[in-house]
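What follows is the residue order along each chain.
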Amino acid sequence: MSSRRIIGNIVSGIMALLTAAATLYLSIHYLAKPHGWIDWMVQLSGAATTAIIIFFLTWGHFQKTPIVPASQQSTPAD
C-alpha cells in the first residue's frame, strides 16, 4: 500500500470522525434534544451519514487519476 493511500485513509477517517462529532453536537444543541432511543437513532444516523459523505469527499482528494490505456485505432476493413 502506498504512503499516499495510507495518509488519505487516515486523514479521511479523522475528518469523518470530527464531522460526525460536530454534526451530533450541533444537532442536539440547536435542533432537538433526544428524549428516547428513537431520537438517539435519528441523531446518530444523521451524524453517520454526514461522516460518510465527508469521508469519501476527503478520500477522493487523495486518489490519483487512473492511467487510461491508449484507445485502439480501428482500421477500416479491406
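Criteria and cut-off values
- Residues numbered from 1 in each chain as written.
- Predicted model: local features only at pLDDT ≥ 70, side-chain atom pairs only at ≥ 80, totals over all residues.
- Heavy atoms only, no water.
- Phe/Tyr/Trp six-rings, centres within 6.5 Å; stacked < 30°, edge-to-face > 60°.
- Helix = DSSP H or I, 4+ residues; strand = E, 2+ residues; numbered from the N terminus.
- Buried < 20%, exposed > 50% of the residue type's maximum accessible area, 1.4 Å probe, protein only.

Enquirer: Honestly, the packing of aromatic side chains in this entry has me stumped. Any pointers?
Expert: Here a ring pair, both rings aromatic, is described through the centre-centre distance and the interplanar angle of the planes. This model, assessed by the stated rule, comprises 2 aromatic pairs. Seen from their ring centres, phenylalanine 55 and phenylalanine 56 are 5.1 Å apart, and the 85° between their planes marks the pair as edge-to-face. Each ring, one from phenylalanine 56 and one from tryptophan 59, has its centre 5.9 Å from the other, and the planes form 90°; the classification is edge-to-face. Residue phenylalanine 56 and its partner tryptophan 59 are both found in helix α2 (residues 37–61); the two are separated by 3 residues, about one turn of the helix. Classification of phenylalanine 56 by relative accessible area gives partly exposed; the value is 47%. Taken together through their ring pairs, the aromatic side chains of Phe55, Phe56 and Trp59 make up a single cluster.

Function cannot be inferred from these measures alone, as they are strictly geometric.
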